[in-house]
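Single-letter residue listing:
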Amino acid sequence: MNAPQVIKMYAAREEIYPREISGRYSRLRWLCLWLTQLVFYCTAWMTWNGRQALLFDLVARKFYIFGLVLWPQDFIYLAALLIICAYGLFMVTAIAGRVWCGFACPQTVYTEMFLWIERKIEGKRSARIALDRQPPSVRKFARKGAKHLAWGLVALWTGFTFVGYFTPIRQLAGEALNLSFGPWEWFWVVFYGFATYGNAGWMREQVCKYMCPYARFQSSMFDRDTLIISYDRGMGEPRGPLTKNTGGACIDCSMCVQVCPTGIDIRDGLQYECIGCTACIDACDSVMDKIGRPRGLIRYSTDHALDEHYTPTQIRQHILRPRVLIYGAVLLLIVGAMALALWLRTPLKMDVIRDRGAMGREVEDGMIENVYRLQIMNTTEQRHTYRIRVSGVETLSQATADTVTLGSTETMAYPIRLRAAHGAGQPGSNKIAISLEATDDPGLKVTERAVFFVPR
Amino acid sequence: MSDFTNGFWNIYIIILTVLGVAGCAILLYTQATARLEPGQKTDGTTGHIWDEDLSELNTPMPRWWMWLFYITIVFSVVYLALYPGLGNFAGKLGWKSSGQYKEELAKAEADYGPLFNRYLQQDLKAVAADPKAHAMGERLFLTYCAQCHGSDARGNKGFPNLTDKDWLYGGTPEIIKQTIMHGRNGVMPSMAAALGSDQEVENVAHYVMSLSGSTADPIKAVFGKAKFGACMACHQADAHGNQAIGAPNLTDKIWLYGGSAETIMETIRKGRNNTMPAFEDFLGEGKVHVLAAYVWSLSNDVSASPLAPVASNNAVAKP
């Protein structure tokens, strides 16, 4: 054999047929699925104050979150929310590994839903493998067609719901009934529908293995006290069939491999492909129950616990370690700061823009006059009349109307003229304050600093 | 795209671009596989050994990922054929950023133009009485006019107050619209040579001040009156000005540049040159129409317009 060997740096995907499994963790995973999906599919339909309760109106640049209306000026809250999410994820990962991946990540949840549909239409694992190996036939085509149709419907419904958070969903539903979406609504519904169909139906574990960055940097949050799904080598090895008593608890039935959605063997230890879905724990426990051996050959444990035979109490004691405490402290700090900031937030904003063309001018009776433009934003959903007050220079008064009325979520540029008697203030810039207060709600008040110019 | 200083750079860019794309394709093709020596054992590594004993496990990437890389190369070839990128070659689509800007501008005009243009059918006084048009006019004013005339439209030195009844070129809605559409260029020539000495200039300044009842030196004013003939061509014999050429009325207390003796002397000595730009091309007639009605309404009672009740009823009837 003198021909040079060639090895490939890429490979075709090997289809994974996860075996169905039931058990306590499986029930927990389905509970999470129901909770997250009920929230996702139903929240869009809730109303509040006669409008959609949760609506991100990108065109009008207003985010409606139940009683709260956020404007682009409130962008800092989005940053805080993202930091909270990140630290929450870090802390949970440090304590219990990739529970987010296994129980709540949309990729896992939708894959689980799509697998359920696949199972209902194509049958169990062995039936699915057999069907895929069959030559093309009407039966095969009918089964596959039905599956893709069902996937497509779920995916479209998902895309529709997603777009429903950005464009009022009731209006969108009306448009859907007579197929009169606008071009961008079409694009995004189909785009998100296709992404759901492709990721949950076709890509599945490849998203976690090759595309998800979180899977790759999770290891920096792990340490030897992190709860991971572990195979107890000391208990299981040497493995062997039940009939030969090898001394190890593992009977090498390969159930843990068959149920794995990423197709790995957990007995090889912690691997980056493991998304922490716990299917192998349920599988192994059910086998152990059948053969009458104690459960827990595969279980949530830590490296330390396995090496040093910790009791569950000792494992719990090791949860409180510097890494977790620091993540927790930062998380608590940011959650507290954001809650406080939201509590103190005034739903009224004002910018004072002094006219640049004119410094100060002399008007009748020798008064000095300056012109300002008040950029007022009423971010509440009620109509308010605001009183304008000025202070900072003696005899400072308003030559324009001192009340202004803004409708629900209205923005207005309101020019005002301020006057002070000749001789009041210093020549040059004088610091003044302009405040705005709702006549019907003293809590609705903002004060902005400005400059009153007296000609030299 | 003709901004290369000579033809060499055009060729240079084309060669670099083509070499870059082709290089990527070749690299991708050759690195997708590894050749081993006959009989070499790899034990799941790539077969390459660094520094005597370092080797790398072969964990192959998915095949579809390779296809994505090839698709980027196809994309770049199609892109370079359709859009500018290969030196001076403009691309089959003839796309230009300036062209896209013009398209977007035309689309915005098509979207928003009708909102303003529908007022063109209405008389300016009726537009002034329409609250919706008033709000639109105010926004336009704050965007395009407030820089010079002030947010309150009361002007500034050299920029007329638009809220009083004194107009340089006339204050009917039609003339205001004409002023905004075509702009104005107001010129007062230097009168120093015509008047002669500095003393004469001061005398005329005091006469001008006396016209509006300001405190002036009566003796200088008497001498100044004798020389005022030089000003009459524009400001008229009675000093009431001439709106046809924008010559201001000198008998009121409204001064564009200031009414002190020093400022008036400066005006006479050096002359004044003042420009209001034309907005016809920039804003279009629809917006100017709405703006003119708004500016007129600043110094006029819109409810006094005979058309006002009808117009405002219409506006109120709409939710």
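1. Topic: the overall build of chain B
And step 1. Counting its regular elements, chain B contains 14 helices and 6 strands.
And step 2. Taking 319 residues into account, the globule formula puts the C-alpha radius of gyration at 20 Å, and chain B, at 36 Å, lies well above it.
And step 3. Dimensions of chain B, computed from the C-alpha atoms along their principal axes, are close to 120 × 60 × 35 Å.
And step 4. Here chain B holds 319 residues, and the buried ones make up 24% of them.
And step 5. Contacts in chain B between residues at least 24 apart in sequence constitute 64% of all its contacts with a sequence separation of at least 6.

2. Things to note about helix H6 (residues 138–163) of chain A
And step 1. For H6(A), spanning 26 residues, the distance from its first C-alpha to its last is 37 Å, which sits close to the expected 38 Å at 1.5 Å a residue.
And step 2. Every buried residue belonging to H6(A) is among A:Trp151, A:Ala155, A:Thr158, A:Gly159, A:Phe160, A:Thr161 and A:Val163, and all of these are buried.

3. Comments concerning the domain arrangement of chain B
All names here are of chain B.
And step 1. Its domain assignment divides chain B into domain 1 (1–23 + 59–95), domain 2 (108–183 + 277–317) and domain 3 (186–276).
And step 2. Computed from C-alpha atoms alone, the centre-to-centre distance between domain 2 and domain 3 is 31 Å.
And step 3. Taken together, the contact pairs 12 residues of domain 2 with 13 residues of domain 3.
And step 4. Tallied by class, residues from the side of domain 2 that touches domain 3 come to 5 nonpolar, 4 polar and 3 charged.

4. Quick word on helix H5 (residues 131–149) of chain B
All names here are of chain B.
And step 1. Given a rise of 1.5 Å per residue, 19 residues ought to cover 27 Å, yet the end C-alpha atoms of H5 are separated by just 22 Å, more than 12% below that figure.
And step 2. Along H5, the largest kink reaches about 50° and is centred on Thr143.
And step 3. Three or more residues of H5 are buried, namely Ala133, Met136, Gly137, Glu138, Leu140, Phe141, Cys145, Ala146 and His149.
And step 4. Of the surrounding elements, those touching the buried residues of H5 are helix H4 (124–129) and helix H13 (285–298).
And step 5. Once H5 finishes, Gly150 follows within two positions and takes phi at roughly 90°, a positive value.

5. A look at the sheet that holds strand E18 (residues 441–454) of chain A
Residues and elements named next belong to chain A.
And step 1. Taking strand neighbours across the sheet as the criterion, the 4 strands line up as E15-E13-E17-E18 in an open arrangement whose pairing is antiparallel. Two strands in the sheet have a free side with no partner beyond their single neighbour: strand E15 (403–406) and E18. The sheet shows a mean angle of 25° between the axes of neighbouring strands, taken without regard to direction.
And step 2. One ladder, built from 4 bridges, connects strand E13 (residues 384–391) with E15; its direction is antiparallel. Bridge pairing in E15 links His384 to Leu406.

Rules of the game
- Residues numbered from 1 in each chain as written.
- Chains lettered and ligands numbered in written order.
- Predicted model: local features only at pLDDT ≥ 70, side-chain atom pairs only at ≥ 80, totals over all residues.
- Helix = DSSP H or I, 4+ residues; strand = E, 2+ residues; numbered from the N terminus.
- Rg over C-alpha atoms; globule rule 2.2 N^0.38 Å.
- Buried ≥ 20, exposed ≤ 12 C-beta atoms within 10 Å, placed from the backbone.
- Contact = placed C-beta atoms within 7 Å.
- Expected span 1.5 Å × (residues − 1).
- Domains from an automatic or database assignment.
- Nonpolar A, V, L, I, M, F, W, Y, C, P; charged D, E, K, R; others polar.
- Bend = angle between axes of the 7 residues up to and from the residue.
- Pairing = 2+ DSSP bridges.
- Axes fitted to C-alpha atoms, helices over the stretch in contact; angles between N-to-C directions.

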